[in-house]
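Architecture at a glance
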Amino acid sequence: MIDLAIGIVALLLLAGVGFPLGFSLLTVGVAGFALNHPRGLDAAATVAGQQILELAANFQFAVLPLFMLMGVFVTKSGIADNMYDVASKWLGQLRGGLALSTVAACGGMAAISGSSMATAATMTKVAVPAMRRYNYDDAFSAGTVAAGGTIGILIPPSGALIIYGLLSETDIAKLFMAGLVPGVISVLFYIVAIQVVCIIKPEWAPRGDRTTFLQKLISLKDIWSIAALFLLIMGGIFMGVFTASEGGGVGAGGALLIAIMRRRMNLNIFVESLAEAAKLTATVFSVGFGALMLNQFVNIAGAPQEILIFIDQLGFSPWGVVAVILVCFVILGTIIDGPAMIFLTVPIFVPVIDGLALPIEPDLKLIWWGIIMVVTVEISFITPPIGMNVFVIKSMLPDVSLGQIYRGIIAFFIADLARLALFVCFPGIVLWLVRALA
Amino acid sequence: MTESFTKWSTRFSLVLRYIAAAGIFALMALVFVSVFFRYVLNSPILATEDMMAILLGITIFTAVPNVTLTRSHISVELFVAPFRHFPALDRARRALIDLGVICVTFFMGYLMYLQATRQFDRETESFVMEWDLWPVTTAFAVLIVIGGGLFALRAFKDRGDGETKAGIDL
């Protein structure tokens, strides 16, 4: 246990001074494993090589690059404009209608891009100018986009869920099923948050233009292809027609066809998209190599068992342990950005959660935890001082201060904490669809 | 001399970038076509899994050098702020990090070489087509070492002046 504590301190120091996270994880993992194994560095080198190869050349893990590629194609196809246009036609006339439209469009983008910062960046370009035209408060507009963007990593297909699935060896299709209902609930919670803000500060979010029902119906023609693609992929995965990887391949191919049909794709954009997706893939996998090796160190050091014994001695109930871990996550999320948090904490906390006597079926426990973890990661995207979405929006809206954006986020942050509590206290909500389709 | 090295390394990294792009495209096309063949033509493509595994590896190991070269690896940088007040110290920190990156990259190349020799000794084959895997793993090792070499050139040129682009979009 003392080895692990030293390892974690070394890891924080290495990563903290700017050494790439994946290399920090790999260095600490190899060193820790070597110190705990009778064959020392020889064994560590063999295991590390196996781990890298098993991750990098395993067809099951092709799911991540394929969904990333789909996200890149969708973002380049300019569908965000249409999503926002449709949402504003349906919701714009309500009080705070354009903010509601932003959240709804973010949910729609999330369903196909799986990316949080891309959703926030795209929506900033599309939604903020429209909200400014209708005299929306800048802080509220920016806060809405920042918070709306976070939904991107919960609604499937989600990069964060795929990474969690790879690291914890959990069924990715079931994670996708489990993410759908909480994703929709997240949108609903944000809608409630917007309505509450509109009641308290009506001048922040006036009504938009009215549209006829016919105009509303006609607007749907611009997004039918993307909706069909989402239904095809998720339907295929949920019904067991495709594996998750095949869903990713069909999704990426479908997104490419849609981008071509919409005349948003040329050879340059196509090659750029491929290169961008490949680079993203390599970035994530290089951290994955290190995380898997750290996992080996954590296991050989017997840490999960010792942590459980330690917790047992403290006398905490299983739910008490979950609460302590969540508090750690929320605090960690304020200083470390979301993806790094997943890589750092999955090897340590997943075995602990797996060992807790929670009233959830053993095969669904880690599915539930995956969703809880991704929800906390979502929160970390908008919490100071390191809120990645906030930084993205700040870079695109230089005239809006960070303080203003954080002020605009407060209502959404409260909504986030409320839904996190809901998903923790009622695991049945998260697992409903998984159980129904099982 | 340094300039010609830089030009050469830029060209090489561009070639790797295109190979990575081709790799991920081939991966997508393979999966797309295999689903089409299986469900529409009722005739599955043989060894899809083997090809997917190899293409995934090629995509990753040709893209990693570019991630390293552009210093785009995910980083946390919790304790970096104090260094900014002391430019010389900050430069030393960056140079040390670059040195560490070079060492770890070459170590990863060595790990892949070890795996390749094990696969050669044990005659490890792919699942379906029973292809020898050691040439593929050796290629991965070579790609990692090339990436390490290119980054070493970049690090030598920067000598602690290179900026990190932390973070990733999920």
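Below is a summary of the structure that appears in this document. (Residues numbered from 1 in each chain as written. Chains lettered and ligands numbered in written order. Predicted model: local features only at pLDDT ≥ 70, side-chain atom pairs only at ≥ 80, totals over all residues. Heavy atoms only, no water.)

If you tally the helices and strands in chain A, you get 21 helices and zero strands. The C-alpha radius of gyration of chain A comes to 22 Å, within 12% of the 22 Å expected for a compact globule of 438 residues. Oriented by its inertia axes, the alpha-carbon framework of chain A measures out at about 75 × 50 × 45 Å. Each of the 438 residues in chain A was classed as buried or not, and the buried ones make up 63%. In chain A, 79% of the contacts between residues at least 6 apart in sequence involve partners at least 24 apart. A total accessible area of about 15500 Å² is found for chain A, and carbon and sulfur atoms account for 68% of it. Looking at charge distribution, chain A has the averaged site of its 22 positive side-chain charges lying 14 Å from that of its 24 negative ones. (Helix = DSSP H or I, 4+ residues; strand = E, 2+ residues; numbered from the N terminus. Rg over C-alpha atoms; globule rule 2.2 N^0.38 Å. Buried < 20%, exposed > 50% of the residue type's maximum accessible area, 1.4 Å probe, protein only. Contact = heavy atoms within 4.5 Å. Areas by Shrake-Rupley, 256 points an atom, 1.4 Å probe, with all protein chains shown as cover. Lys, Arg positive; Asp, Glu negative; His and termini not counted. Charge placed at Lys NZ, Arg CZ, Asp CG, Glu CD.)

Attention now moves to the environment of I54 of chain B. Residue and element names in this part refer to chain B. Following the sequence through the fold, I54 ends up in helix α2 (residues 48–69). Put simply, I54 and G23 are 31 residues apart on the chain and 9.3 Å apart in space, counted from C-alpha to C-alpha. Look past the residues within four positions of I54 in its chain and what remains in contact with it is W131, V136 and F140.

Our focus in this paragraph is the interface of chain B and chain A. Listed by partner, the interface residues are 56 residues for chain B and 77 residues for chain A. Interface of chain B and chain A: buried area, both sides summed, is about 5500 Å²; carbon and sulfur atoms make up 79% of it. If you look at where chain B meets chain A, you find two salt bridges. Linking E272 of chain A and R17 of chain B is a salt bridge whose minimum nitrogen-to-oxygen distance equals 3.1 Å. Linking chain B with chain A are 11 residue pairs in polar contact (both at pLDDT 80 or more). Within the residue set of the side of chain B that touches chain A, elements represented by two or more residues are α1 (2–39), α2, α3 (87–122) and α4 (134–158) of chain B. For the side of chain B that touches chain A, the residue count by class is 36 nonpolar, 13 polar and seven charged. (Buried area = accessible area lost by both parts, 1.4 Å probe. Salt bridge = Lys/Arg side-chain N within 4 Å of Asp/Glu carboxyl O. Polar contact = N/O pair within 3.5 Å; in protein donor to acceptor, adjacent residues only side chain to side chain. Nonpolar A, V, L, I, M, F, W, Y, C, P; charged D, E, K, R; others polar.)

Turning next to unusual backbone geometry. Residues and elements named next belong to chain A. Along the chain, P156 connects to P157 via a cis peptide bond; the corresponding omega equals -5°. Positive phi outside glycine occurs at E169, with the angle close to 55°. Its place among the elements puts E169 in the loop between α9 (159–168) and α10 (172–200). Among the residues examined, E169 registers a relative accessible area of 71% and is labelled exposed. The phi dihedral of R263 is positive, around 55°, even though this residue is not glycine. With respect to the helices and strands, the residue R263 is situated in the loop between α13 (244–261) and α14 (267–300). Given the relative accessible area of 76%, R263 is considered exposed.

The next thing to look at is the packing of aromatic side chains. Under the criterion given, the structure shown has 19 aromatic pairs over all chains. Ring centres 6.0 Å apart and planes at 50° place the aromatic pair W368 of chain A and W369 of chain A in the tilted group. For the pair W368 of chain A and W369 of chain A, a shared accessibility class is recorded, and that class is buried. The structure contains a cluster of three or more aromatic residues connected by ring pairs, namely W319, F329, F349, W368 and W369 of chain A. Positioned above the aromatic ring of F83 of chain B is the side chain of R93 of chain B, whose terminal nitrogen or guanidinium carbon lies 5.6 Å from the ring centre. (Phe/Tyr/Trp six-rings, centres within 6.5 Å; stacked < 30°, edge-to-face > 60°. Lys NZ or Arg CZ within 6 Å of the ring centre and 35° of its normal.)

Residues and elements named next belong to chain A. The end-to-end C-alpha separation of helix α20 (residues 402–425) is 33 Å, in line with the 34 Å expected for 24 residues at 1.5 Å each. Taken as a whole, α20 carries its principal kink of about 45° at I410. Among the residues making up α20, those that are buried are I405, Y406, G408, I409, F412, A415, D416, R419, L420, F423 and V424. (Expected span 1.5 Å × (residues − 1). Bend = angle between axes of the 7 residues up to and from the residue.)

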